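Results of the structural survey
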Amino acid sequence: MSVLDVAAIRKDFPILARTVRDGKKLIYLDSGATSQKPTSVLDAERNFYETHNAAVHRGAHQLAEEATIAFEKARQNIAAFIGAQANDLIFTKNATEAINLIAYSFVNATLKQLRGEALPAGAERFVLVEGDEVVVTEMEHHSNLVPWQELCAKTGAVLKWIGLTDDGRLNYSDLTTVITPRTKVVSFTHQSNLLGSINDVAKITAAARAVDAIVVLDACQSIPHMPVAVSELDVDFITWSGHKMLGPMGIGCLWGRSELLASLPPFISGGSMIETVTMEASTFAPPPQRFEAGVPMAAQAVALSAAVDYLQAIGMDKVASHEHELTKVALATLGDIDGVRILGPTDFTDRGSAVSFVVEGIHPHDVGQVLDSLGIAVRVGHHCAWPVCRRYEVPATTRATFYVYNDLADIHALADGIRQAQEFFGSN
Amino acid sequence: MQLEQMYQEIILDHYKHPHGKGLADNFTAQVHHVNPTCGDEITLQITRDPADGQKLLVSYQNQGCSISQASASILFDQLNGQTLPTGELAVGHLVAMLQRMEEPNEEILGDGIALVGVAQYPARVKCALLAWMAWKDAAIQALGQNQATVGEK
């Protein structure tokens with residue numbers, strides 16, 4: 001018996017009523033890539049455009065006022081979802097942009113320092129010199145790896161990483177050697193999008209704090225799936241995306257410690273992030289506006305706020321235990337199939353609901369194709385975490401990810417589909 | 001199942017028993033192509049035939065899905081020892097067939113006409129084209145070189 005009434009939840013998601021590939025019922029197991037959207041989220045976006053649409057934070061007509069109020073109320077609601085203050089929440093295009101915003105803060109502070117310009121108080125922590133170190137982990141999504149590689153290439157800093165154990169966990173014994181007094185920033189994922197492992201934030205943060213490094217947490221795979229509270233994490237920045245938590249595409253979030261945000265130079269500049277502008281120079285607005293140049297995605301913020309309401313109505317504890325249950329069954333059921341190897345932890349402590357696997361003798365693309373022909377949508381490939389595939393010496397994997405609208409029947413369909421793929425390719 | 005239209009028996013045969021797989025020790029040009037969305041890879045070498053420098057010998061090593069593997073094996077059958085114009089005609093026809101702009105022509109593509117089912121799955125078209133694009137790249141590079149082999153593994 002599930003902790004959630006999945007049948008009732010499924011009715012809230014119009015797309016789940018459609019069929020695919022010649023009338024097959026859609027079984028959506030790719031929420032790790034993007035989640036489906038409930039009617040309330042779609043309605044919120046539509047309602048904004050139908051009744052309040054205006055460019056926010058400019059103009060004084062009634063619609064502009066209403067749109068601005070709706071936008072800022074959304075900010076408040078989304079911030080409260082992780083126990084944060086509204087002014088510490090910045091909207092970005094997606095989580096990738098949020099991580100780039102931080103990486104570019106280091107670039108911009110470093111450039112200012114090189115030119116001998118005065119830095120705002122606190123910004124000196126963002127200045128990098130040759131030989132400073134940036135730390136990530138071997139399980140990062142490319143979005144939390146490539147921006148740091150780029151930062152290192154621009155500044156002469158050195159990229160280091162915490163490795164992985166054979167069972168899909170971070171190798172915490174690396175911490176003492178990888179994090180050193182030269183470490184200026186430690187950026188890591190809360191939960192691996194490929195392996196499903198949930199990382200020990202406190203342990204990594206403690207090592208980073210000991211050397212006064214900035215701590216960035218990529219929460220793309222955690223905030224949609226479990227209760228996350230800023231106050232319990234003690235990190236400096238948190239990044240996540242809206243579309244993976246039932247919200248619309250085109251909006252990501254960056255939470256930052258207010259004193260750090262206040263010290264940061266802007267990333268993207270232009271309209272509405274300024275205080276004063278002359279032909280020669282400009283001064284900048286305080287956060288969050290300083291980091292939100294241009295007309296922001298107000299309709300998407302309002303819709304993401306509706307997604308937060310939807311998740312809160314279910315309860316994040318229940319979301320987490322529902323997915324935990326599904327993951328347990330998936331690991332057991334898939335693990336029972338001859339020739340199926342699961343990548344990532346097979347125990348259930350600190351284990352999220354991404355289940356990656358390889359089927360002996362069948363390339364993941366071909367597994368995915370057979371599943372697709374049965375109406376089952378999974379992700380195949382390297383999942384934007386190519387180094388993880390290299391670490392476990394597989395070219396790619398097939399990945400199933402679960403959410404509030406999935407049930408045990410979906411998992412049994414997946415297992416049957418894998419057996420059909422084995423039959424089709426004659427590998428078993 | 002619609003699947004059989006893409007995974008025709010002949011494709012699965014090439015996949016399970018690929019023709020010509022393995023790298024040469026000496027070659028005129030070598031390229032490495034990847035499909036970055038899924039990680040499929042091919043290293044393809046062209047060696048200009050010492051007797052007739054317009055004839056291009058093919059060797060390759062690859063990893064990836066059944067479609068990309070079968071497609072490379074078919075390419076070997078069709079293009080090993082062929083000239084650039086013959087190969088370009090085949091590549092052009094394969095692309096057009098996968099975009100449903102030309103009917104499959106067995107004279108040009110041989111077993112490659114069995115790849116026609118891939119046209120129904122736009123996400124897999126790149127898998128079918130990977131080896132052929134690598135061939136075109138390597139062939140042009142090889143013809144830009146002197147006749148002697150210049151590379152070593």
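Residues numbered from 1 in each chain as written. Chains lettered and ligands numbered in written order. Predicted model: local features only at pLDDT ≥ 70, side-chain atom pairs only at ≥ 80, totals over all residues.

**Comments concerning the overall build of chain A**
If you tally the helices and strands in chain A, you get 14 helices and 17 strands. Against the 2.2 N^0.38 benchmark of 22 Å for 428 residues, chain A shows a C-alpha radius of gyration of 22 Å, consistent with a compact globule. Projected onto its principal axes, the C-alpha positions of chain A cover 70 × 55 × 35 Å. Within chain A, buried positions represent 51% of all 428 residues. In chain A, 70% of the contacts between residues at least 6 apart in sequence involve partners at least 24 apart. (Helix = DSSP H or I, 4+ residues; strand = E, 2+ residues; numbered from the N terminus. Rg over C-alpha atoms; globule rule 2.2 N^0.38 Å. Buried ≥ 20, exposed ≤ 12 C-beta atoms within 10 Å, placed from the backbone. Contact = placed C-beta atoms within 7 Å.)

**Quick notes on the interface of chain A and chain B**
Every contact between the two is made by 16 residues of chain A and, on the other side, eleven residues of chain B. For the side of chain A that touches chain B, the secondary structure elements donating two or more residues are α12 (364-373), β16 (379-381) and α13 (386-391) of chain A. Among the elements that line the side of chain A that touches chain B, the one with the most residues is α12(A), at five residues. Partitioned by chemical class, the residues of the side of chain A that touches chain B number seven nonpolar, six polar and three charged. (Nonpolar A, V, L, I, M, F, W, Y, C, P; charged D, E, K, R; others polar.)

**What to know about α12(A)**
Each α-helix winds once per 3.6 residues, and so residues spaced three or four apart point in a common direction. Residue and element names in this part refer to chain A. The buried fraction of α12 amounts to ten of the ten residues, a majority that puts the element mostly inside the structure. Within α12, burial applies to Pro364, His365, Asp366, Val367, Gly368, Gln369, Val370, Leu371, Asp372 and Ser373. Looking at the residues trailing α12, positive phi occurs at glycine 375, about 90°.

**A few points about the sheet that holds strand β4 (residues 89-92) of chain A**
Consider a sheet: its strands pair through backbone hydrogen bonds, and that pairing is either parallel or antiparallel. All names here are of chain A. Strand order in the open sheet formed by seven strands is β4-β10-β9-β8-β7-β5-β6, and the pairing between neighbours is mixed. The open sheet is flanked by β4 and β6 (158-162), the only strands paired with a single partner. Ignoring strand direction, the axes of neighbouring strands in this sheet form an average angle of 20°. Taken together, the three bridges between strand β8 (residues 214-218) and strand β9 (residues 237-241) define a ladder with parallel strand orientation. Across the sheet, residue aspartate 218 finds its bridge partner in β9, namely threonine 239. (Pairing = 2+ DSSP bridges. Axes fitted to C-alpha atoms, helices over the stretch in contact; angles between N-to-C directions.)

**Examining the nonpolar core**
Core analysis: the largest hydrophobic core is formed by 126 residues, its most contacted members being A:Val186, A:Leu217, A:Ala298, A:Ala301, A:Val302 and A:Ala307. Broken down by element, the residue count for this core peaks at eleven residues, all from helix α10 (residues 298-314) of chain A. Among residues more than four places away in sequence, those in contact with A:Val302 are A:Ala44, A:Glu45, A:Phe48, A:Ala70, A:Phe71 and A:Ala74. Counting 42 residues, the second largest nonpolar core, distinct from the first, contains B:Phe27, B:Ile42, B:Ala90 and B:Ala134. (Core = buried A, V, L, I, M, F, W, Y, C linked by C-beta atoms within 7 Å.)

**Here's the deal with the packing of helix α11 (residues 316-335) of chain A against helix α14 (residues 408-424) of chain A**
Residue and element names in this part refer to chain A. Close contact between α11 and α14 brings their axes to 10 Å; oriented N to C, the two are set at 20°. In terms of axis orientation, α11 runs roughly parallel to α14. Here α11 runs over α14; the crossing is right-handed. Counted together, Leu326, Val329, Ala330, Thr333 and Leu334 of α11 and Leu408, Ile411, His412, Ala415 and Ile418 of α14 form the full contact between these two elements. Among the residues making up the contact of α11 with α14, the classes are represented as eight nonpolar, two polar and no charged. (Parallel < 35°, antiparallel > 145°, perpendicular 65-115°, else oblique. Left-handed = near helix turned anticlockwise from the far one by under 90°.)

**Some details on the sheet that holds β16(A)**
All names here are of chain A. Strand order in this open sheet of four strands is β13-β14-β17-β16, and the pairing throughout is antiparallel. Only two strands of the sheet have a single partner each, and these edge strands are β13 (340-343) and β16. When the angles between neighbouring strand axes are averaged without regard to direction, this sheet yields 30°. Taken together, the four bridges between strand β14 (residues 354-359) and strand β17 (residues 397-401) define a ladder with antiparallel strand orientation. Along β17, the bridge assignment pairs serine 356 with arginine 399. With respect to the sheet, α12 is in contact with β14, β16 and β17, its orientation differing from that of β16 by roughly 160°.

**Things to note about helix α6 (residues 125-143) of chain B**
For α6(B), built from 19 residues, the straight-helix expectation of 27 Å at 1.5 Å per residue is met to within 8% by its first-to-last C-alpha distance of 27 Å. Bending of α6(B) peaks at approximately 30° at the position of B:Ala131. Residues of α6(B) that are buried sit in contact with α12 of chain A together with β2 (29-35), β3 (40-48), β4 (56-63), α3 (66-79) and α4 (84-98) of chain B. (Expected span 1.5 Å × (residues − 1). Bend = angle between axes of the 7 residues up to and from the residue.)

**Describing the packing of helix α3 (residues 62-81) of chain A against α10(A)**
Residues and elements named next belong to chain A. Running from N to C, α3 and α10 point in directions that differ by 40°, and their axes come no closer than 8 Å. Considering their axes alone, α3 and α10 lie oblique with respect to each other. For α3 against α10, the interelement crossing comes out left-handed. Residues Ala67, Ala70, Phe71, Ala74, Arg75, Asn77, Ile78 and Phe81 of α3 lie in contact with α10, whose contacting residues are Ala298, Ala301, Val302, Leu304, Ser305 and Val308. Residues of the contact of α3 with α10, tallied by class, amount to eleven nonpolar, two polar and one charged.

**Quick notes on the confidence of the model for chain B**
When pLDDT is averaged across chain B, the result is 92; 94% of the residues are at 70 or more. Listed scores for the predicted complex are pTM 0.94 and ipTM 0.88. (pLDDT = per-residue confidence, 0-100.)

**Structural notes on the environment of A:His57**
Residue and element names in this part refer to chain A. Relative to the helices and strands, histidine 57 is located in the loop between α2 (39-52) and α3. As a C-alpha pair, histidine 57 and glutamate 97 span 40 residues in sequence and 22 Å in three-dimensional space. In this structure, histidine 57 is in contact with Thr68, Ser272 and Gln289, ignoring residues within four places of it in sequence.

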